Every structure is written in structure tokens, then in C-alpha cells.
Amino acid sequence: MGASEQTKMLLEKRMENEITKVLPEKEEANEETMIVLKKELANGETKLHCMSSGDHGSHSYARCSCTQKDSMDAARKEIENEDTKTLREKEMRKHKEVSNWKSYHMNSGDGPYSYAKYSRYQKATVDIAKKLLVEVISDNLDINNPSFGSSNTLRIADMGCSIGPNTFIAVQNIVEAVTLKYQSMQQNPQDLEFHVFFNDHVANDFNALFRSLPPSRPYFAVGVPGSFHGRLFPKSSLHIVHSSYAPHWLSKVPKEVMGINFPGSKNGKNYCTSSTDEEVLEVFSSQYKKDVQTFLTARAQELVGGGLMALLLTGIQNGAIFSETCSGMVFKLFGSCLLDMANAGLVSKEKVYSFHLPLYYTTPREMKALIEKNGYFNIERIEILARPVEHESPDYRICSFHFRAAIEGLVEEHFGKDIIEELFERYTNKLGRNSFIFDEEYRKEVNLFIFLRRKIIEYSSEENPEAEIEHGEGWGTLKGQLDV
């Protein structure tokens, strides 16, 4: 036996001894438990192994790491004092609202109705926005800004990334735009490194996301789980923020619609079946306004002064009535399918009346006003993007599959799995019988591109984010087709 073989055996024996120390008393390590994080040489390559997963197995790492946890708990108690307790209590009060946020995620994996498969419309819009994105980054990225020049690492965050591949396309577009900017300024982009943070709710399928990461990507990638309706990063730590087809999701269903005395609930209405109800829409509008302010204020704290933010939103034209748009009628058709199943005794009416889609479609005028009210950003560009050519004449089945990929998780959480197949089959058929909703006169939705630059000012108090804000011009370029 050679020296290298003996060394390898000694290392493995030492590792086994260390694992045995943390096993529950009277239990022995099996093969699964021995799958520990370690490096071993095999054909000249380094292999990476993971801990035993899950929380059910007798030898899962979650169970067998109890000794480490006990040691950490003891150390934590030793260093805890009154000051740290006070700080923790303050943070708990500060983030009390966070516990009420709901977690929404698209269909995961690569199944027949996955978001990765049925998000082609979003991809087409991201592609359309690329030229505009390159242009506004070139015009507004100040590489001489000390906040950018103090480090060779540029940090980018994509909020609401889902599971790909659209998030990778958007990030690649940003990286290419920044690289072009550096080249135009006779700077060497090879000296620049990119650190990209992919954010979405905790329930998002990050495993699927990272399995599909481009192998030759020009950036370092990390996942950041959590709601973008609150802080996710340290102050002044990001240089560019991007979010597409995510900010129209609310942080939660407004509590007013859940109250038994609220007309929309008492009379058997919800956001799907009653998109014409002005009171229902007003409640959702009010929640959206709160969420936008929270989103913008959180991003203002995380971005460096002069940092950039690109938003791609789905909304409706100024002056449009939501119930008279294609999207509004899609909601109503889906709600009618739920009512049909309730009348057939397949689901309770109470369940139907308490189901709400936490979505809101803003207008360019409303969004402009909300950004200006927040006061932390200059609006450098707002533009309505052209509709993707391949979606000029939409196929009702594809539209149904897109809708399912986005909301199936919400439906299953509220009603359970049993109704899913029949519900979406009914919905697809009803959509086919009412294909007139795709006629041009009802297609009043808009894809809104918004580009913001963080003002170089100090933060105001968190209790009054609009206070002491310097109001600059706040309005860069606006295309003539917008009635603002």
C-alpha cells in the first residue's frame, strides 16, 4: 500500500470518528450518515458531497448535529446581555409586520405546467427591453461615483427571480450593459467582478434555479430567500437592482376583504368574481400603494447613492377599467369556474368567497405618482414597451397554461389538490368559448419599463420615509404616448 493510500485511509478514519461524536447515543453511523461534506480526489477532480437531508431519517444531519447546536446555544447564552436583548426586542417589533407577509411562488421544476416552461411571454418582453436597458445604463451609470469605484465588485440583485430562465437572461443583459459602459470609458472591464443575488420567496424552488444556472456565467451567484417587501441586504450594499413581472404581486391579501362585515365578503364576492366591484378594487389599490412605498424605501436603503433600479411591470393603460381589460375578464372567468364547482357541490362556497388573488395592475400615471411620493429616486425613464409579436394572436390554451403556472400554488394551498385538474380543465374550456376577450379592444394591458436612479441623500426616519427628502427633478424622460 502506497503512502498516499495510507494517508487517505487515515483521513477517512478521522472523519468517521468526528461524525460518531455527534450521533445520538447508542446509534451507529450508516452509509447515509457518512455522506458528509468533504473533498476527495477521484480521477484528478474534487468531488463535493452533501449532508444527509430531510428531518425524518434517524441519521439525518438535522438530527445528528444536535451536539453542535447545543454548543452554539450555550455560547449564545453566555454572550447575551441586556443590550442585545433590547436590540432583539426592537428588531422583533420592527419586523412584526413581516410575519403577516404571504409567500407566493410560481410552479417549480420542469413539469408540464412549470413556470420555467410557461413564461415565454415574460421572456419575450425581457428581450424587447434589452436595447432600452443598455441605453439607460450607459446614460446613468456613473463609474466615477465613489460608491462604485471603491471596489472592483459590482453587486446586482434580481428581485422575484422565480426559477429561471428569464432571470438569467435579465442579469446577463445587465452585465453586458455595464461591460459596454466600462469599455466606452476606456476602462478595463476585466478588472470588474460581478456578484449577483437571486431573490424570491422562501417557498421558491431555489434548487431548480441553481441547477439551471448558466455554466459559463460571468458572475458569482447566490440565493437570497425572503420577501422583497422588506429589507434583504445591508445598507448601501447594492449597485443595481432589477425586477420583472414581480412587483404587481401584493405582500398579502388586504385584511379588509377577509372581514366578515366587508361587503365584498359578506355578499359572496372576491377579487376573481367581482373585479367590477369598486370597493374591492379600492382595497387592493390601497394595499398596492403601501407595498410600493415599502418596496421603494427598502431598495433605497440597500442601494448606494447613485445606484440604479430597472423595473418591468405589467399594468393597464391610464383610464382603463380593469374589469373591461383582457386580464380583468380572465380573472372573472376563473372565478366563474370556481362558482360553477361550488354550485355542483365540488367545493364549498365559503372557500370560493374567501379566495383572492393577491395581484394588482397599476397604471403609468399611478406608478409615477407613487415613485415621486416616495422621494428617494429620480425617474430617468418610463416607457411602454411594444407587445411581443408572437403574442399578437394568443392561443387560449397557452394562455391558460401560463395562468396555471403562476397561480396553481395559491389555488392548491387554499382548496387542496383534489380540484386542481378539473378546475383548470373547466377554465381552459371556458377560455376557449370566450376567446373574444383577446380581441384588440380589450387588450388594454401595458408592459411598463421604469428606470430609477437613487438620489445621493441621507435616509429619512423609517416612521416617515417621505420626511426630509430632497425633491430633485424626479422625471427624466417620458415618451409621448404616455398620458401623465
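Residues numbered from 1 in each chain as written. Predicted model: local features only at pLDDT ≥ 70, side-chain atom pairs only at ≥ 80, totals over all residues. Heavy atoms only, no water.

**Student:** Honestly, the pattern of salt bridges in this entry has me stumped. Any pointers?
**Tutor:** One side chain can pair with another of opposite charge once the charged atoms of both are near each other. All chains considered together, the criterion is met by 11 salt bridges. A salt bridge links Glu408 to Arg404, with the nearest nitrogen and oxygen atoms 3.0 Å apart. A residue pair is termed a helical-turn pair when its members lie 3 or 4 positions apart in one helix, as Glu408 and Arg404 do in helix α14 (residues 396-415) at 4 residues. The exposure class assigned to Glu408 is buried, which follows from its relative accessible area of 11%. Given the relative accessible area of 4%, Arg404 is considered buried. The network of salt bridges with common partners includes Glu135, Arg381 and Glu383. (Salt bridge = Lys/Arg side-chain N within 4 Å of Asp/Glu carboxyl O. Helix = DSSP H or I, 4+ residues; strand = E, 2+ residues; numbered from the N terminus. Buried < 20%, exposed > 50% of the residue type's maximum accessible area, 1.4 Å probe, protein only.)

**Student:** Could you clarify how one ought to interpret the side chain of Ser285 in this entry?
**Tutor:** Turning to its location among the elements, Ser285 is positioned in helix α10 (residues 278-302). Judged by relative accessible area, Ser285 falls into the buried class, the value being 6%. The residues contacting Ser285, other than those within four sequence positions of it, are Tyr360 and Glu366. (Contact = heavy atoms within 4.5 Å.)

**Student:** Mind showing me how you'd approach helix α7 (residues 166-184) here?
**Tutor:** Helical geometry: 3.6 residues make up each α-helical turn, so side chains three or four residues apart lie on a common side. For α7, with 19 residues, the first-to-last C-alpha span of 27 Å sits near the 27 Å given by 1.5 Å per residue. Within the span of α7, buried status applies to Asn166, Thr167, Phe168, Ala170, Val171, Asn173, Ile174, Val175, Ala177, Val178, Lys181 and Tyr182. Directly after α7, the chain includes Gln186, whose backbone phi takes a positive value near 55°. (Expected span 1.5 Å × (residues − 1).)

**Student:** Hey, could you run me through the packing of aromatic side chains in this one?
**Tutor:** Remark: the centre distance and the inter-plane angle together describe each pair of aromatic rings, the angle taken between the planes. Throughout the structure, instances matching the rule amount to 18 aromatic pairs. Summarising the aromatic geometry, the rings of Phe206 and Phe210 are spaced 6.5 Å apart at their centres and angled 20° between planes, so their arrangement reads as stacked. Of this pair, Phe206 and Phe210 both sit in helix α8 (residues 206-211), 4 residues apart, roughly one helical turn. When its relative accessible area of 15% is taken as the criterion, Phe206 is described as buried. The class for Phe210 is partly exposed, based on a relative accessible area of 30%. A connected cluster of aromatic rings, assembled from ring pairs, spans Phe322, Phe331, Phe334, Tyr361, Phe403, Phe424 and Tyr427. Here Arg299 stacks its cationic end above the ring of Phe295, 4.9 Å away from the centre of that ring. (Phe/Tyr/Trp six-rings, centres within 6.5 Å; stacked < 30°, edge-to-face > 60°. Lys NZ or Arg CZ within 6 Å of the ring centre and 35° of its normal.)

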